[in-house]
Amino acid sequence: ASALDGGRLTPYLFIVGCARSGTTLLGRMVDAHPEIGVASSIHWIAGHFRRRGVRAPDDPVTAELVLGLADDRRLARFGVDPEELEALVPVGERVAYRRFLAAFLELYARKRDKPRVGNKTAPFVRRIRTLHNAWPEARFIHLIRDGRDVCLSALSWPSAERSLGRYPTWSEDPVSTAAFWWERKVRAGRDAGGPLGPSLYREVRYE
């Protein structure tokens, strides 16, 4: 039987927000609760599939695509062995992308003896609608930090060039660029999360 059989395949919550807003800290705090395991960022997994044409929740994932993920050193952060990851999609089978991601997260929770699983991936603040369509029962915690503090943190962030450097104004006016970047992320989260209602979407202030 496939390792996908028998699971709920529904993540309980996602912690999202603009980068440098404290989502990693919040994720670790929630992960300390005995009832829920919060996996660290899976943005690299989403990127792996996106570069190979898997984007929509129901796009097919094959064993060949998973094989590339199993070789990534970041897998060790989840306490998941390459063989366990590969077992989620047996050779010759195709499963929906959303089912694979949910099974991966639930594998993380099971290995930590947690009955529920969540995920902290800050950039998913722009993917709330997609995530909600994939898992209608999932909750979203949108962490918002004062934009001025986010800007100060971003200016000394080692990954700033890779993230904010995509904006043509970054080299000439990093402060204004960071302000625009922060506002865009916060607005995207609110526009997508607000209509879900308080039972599924909640904003939390960092301060």
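Note: the structure precedes this text.
Residues numbered from 1 in each chain as written. Predicted model: local features only at pLDDT ≥ 70, side-chain atom pairs only at ≥ 80, totals over all residues. Heavy atoms only, no water.

This paragraph deals with the side chain of K114. Topologically, K114 is positioned in the loop between α5 (97-111) and β5 (116-120). Buried charge without a salt bridge: K114, with D31 as the nearest opposite-charge side chain at an N-O distance of 4.1 Å. If we ignore the near neighbours within four places in the chain, the residues touching K114 are D31, H33, P34, E35, I36, G37 and A109. (Helix = DSSP H or I, 4+ residues; strand = E, 2+ residues; numbered from the N terminus. Buried < 20%, exposed > 50% of the residue type's maximum accessible area, 1.4 Å probe, protein only. Lys, Arg positive; Asp, Glu negative; His and termini not counted. Salt bridge = Lys/Arg side-chain N within 4 Å of Asp/Glu carboxyl O. Contact = heavy atoms within 4.5 Å.)

Next up on the list: the nonpolar core. Among the nonpolar cores identified, the biggest contains 44 residues, and F49, V61, L85, F100 and F104 are the most heavily contacted of them. Broken down by secondary-structure element, the contributors of at least two residues to this core are β1 (13-16), α2 (43-50), α3 (63-70), α5 and α6 (128-134). Counting residues per element, this core draws most heavily on α5, which supplies ten residues. Residues A19, W157, A160 and Y167 belong to the second largest nonpolar core, which totals twelve residues. (Core = buried A, V, L, I, M, F, W, Y, C linked by side-chain atoms within 4.5 Å.)

Considering all chains together, one arrives at ten aromatic pairs under this definition. Judged by centre distance (6.2 Å) and plane angle (40 degrees), the rings of W44 and F78 are tilted. A residue pair is termed long-range when its members are at least 10 positions apart, and W44 in helix α2 and F78 in the loop between α3 and α4 (82-86) qualify at 34 residues. Take W44 and F78: they sit in the same class, and that class is buried. The structure contains a cluster of three or more aromatic residues connected by ring pairs, namely F14, F124, W135 and F140. Here the guanidinium or amino end of R116 rests over the ring plane of Y12, the centre of that ring lying 5.0 Å away. (Phe/Tyr/Trp six-rings, centres within 6.5 Å; stacked < 30°, edge-to-face > 60°. Lys NZ or Arg CZ within 6 Å of the ring centre and 35° of its normal.)

Moving on, we get to unusual backbone geometry. A positive phi angle, close to 70 degrees, is found at R20, a residue other than glycine. By the secondary structure assignment, R20 is in the loop between β1 and α1 (23-31). Looking at R20, the relative accessible area reads 32%, which means it is partly exposed. Located in the positive-phi region is D113, a residue other than glycine, with phi close to 55 degrees. Considering the arrangement of structural elements, one finds D113 in the loop between α5 and β5.

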